[in-house]
Amino acid sequence: MRGADVHGSQRGPEPDAEAGSGVDHEFLALERELAVFLRRARANSGEMAREVHPDLESAAYGLFVRLESAGRQRATELAGYFGVGKATMSRQLRALEDLGLVAREPDPADGRAWLVHLTDEGLARFRSVRDARRSRYVSKLADWDRAEVAELARLLAHFNARAED
């Protein structure tokens, strides 16, 4: 049996070992498509981060997205959200701070803690790159109905919410 991807191109046959094993082919297809999507997303995030600043790692773009949408956050909250250790998050934030793209301020609720936020320059650079990315999405999905785009966004949000559990 051959499967077609969303663009109609044919994929190779499903491995025979899976045929009678009780494996749900829908979940195999999901895994395959997510693997491709994630590989492309990682590469894309690296490009986007370097567009914000040439010295940034790919993980930095996700930090910009989160800080822009959620606002000021403690480093521990960011580490928890991304599923990384505090040391990793501290290192990433320190690099962004050194470039003047994020800043820290004392947490008014706890003077021992710090809140991280995007600087004006960091926000402006991020938004410029994000807007260019959005234009590429609009171009790539120009033949999609807006309801399909909304449904894809809804399904991805649902999937991401499950991943947080």
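Being a predicted model, the structure only gives us computed values, none of them experimental. Along every chain, residues carry numbers that run from 1 in the direction the sequence is written. Where local features are concerned, this predicted model is filtered to residues with pLDDT of at least 70; where side-chain atom pairs are given and counted, the filter is 80 or more; whole-chain, interface and lining totals use all residues. Side-chain measures here rest on the full set of heavy atoms in the structure, leaving out hydrogens and waters.

Caption draft 1: Spotlight on the side chain of arginine 130. For arginine 130, the location among the structural elements is in helix H6 (residues 120–140). Contacts are residue-level and defined by heavy atoms, with any inter-residue pair within 4.5 Å sufficient. Excluding residues that lie within four positions of it along the chain, arginine 130 makes contacts with Tyr61 and Glu68. Counting from the N terminus, the helices are the DSSP runs of H or I reaching at least four residues and the strands are the DSSP runs of E reaching at least two.

Caption draft 2: How the structure looks around the packing of aromatic side chains. Only Phe, Tyr and Trp rings take part, Trp by its six-membered ring, and two of them pair if their centres are within 6.5 Å. Stacked means planes under 30 degrees apart, edge-to-face means over 60, and tilted covers everything else. With the rule as written, the count across this model stands at three aromatic pairs. A centroid spacing of 5.5 Å and a plane angle of 50° characterise the contact between tyrosine 61 and phenylalanine 126, whose relative ring orientation is tilted. With a gap of 65 residues between them, tyrosine 61 in helix H3 (residues 59–70) and phenylalanine 126 in helix H6 connect regions that are remote in the sequence. Each member of the pair, tyrosine 61 together with phenylalanine 126, is buried. These aromatic residues form a ring-pair network of at least three members: Tyr61, Phe64 and Phe126. Criterion for a charge above a ring: Arg CZ or Lys NZ at most 6 Å from the ring centre, at most 35 degrees from the ring normal. Across from the ring centre of tryptophan 114, 4.6 Å away, lies the NZ or CZ of arginine 104, which sits over that ring. Residue burial is assigned from relative accessible area. The probe radius is 1.4 Å, only protein chains are included, and a residue is buried under 20% of its type maximum, exposed over 50%, and partly exposed in between.

Caption draft 3: Expanded view of the pattern of salt bridges. When a carboxyl oxygen of Asp or Glu is within 4 Å of a side-chain nitrogen of Lys or Arg, the pair counts as a salt bridge. Under the counting rule described, the total for this entry stands at 13 salt bridges. A salt bridge links arginine 91 to glutamate 57, with the shortest nitrogen-to-oxygen separation between them at 2.7 Å. Note that arginine 91 is positioned in helix H5 (residues 86–98) and glutamate 57 in the loop between helix H2 (25–52) and H3, a separation of 34 residues in sequence. On the basis of relative accessible area, arginine 91 is assigned to the partly exposed category, the value being 39%. Here the salt bridges do not stand alone but share partners, grouping Glu68, Arg127, Arg130, Asp131 and Arg134 into one network.

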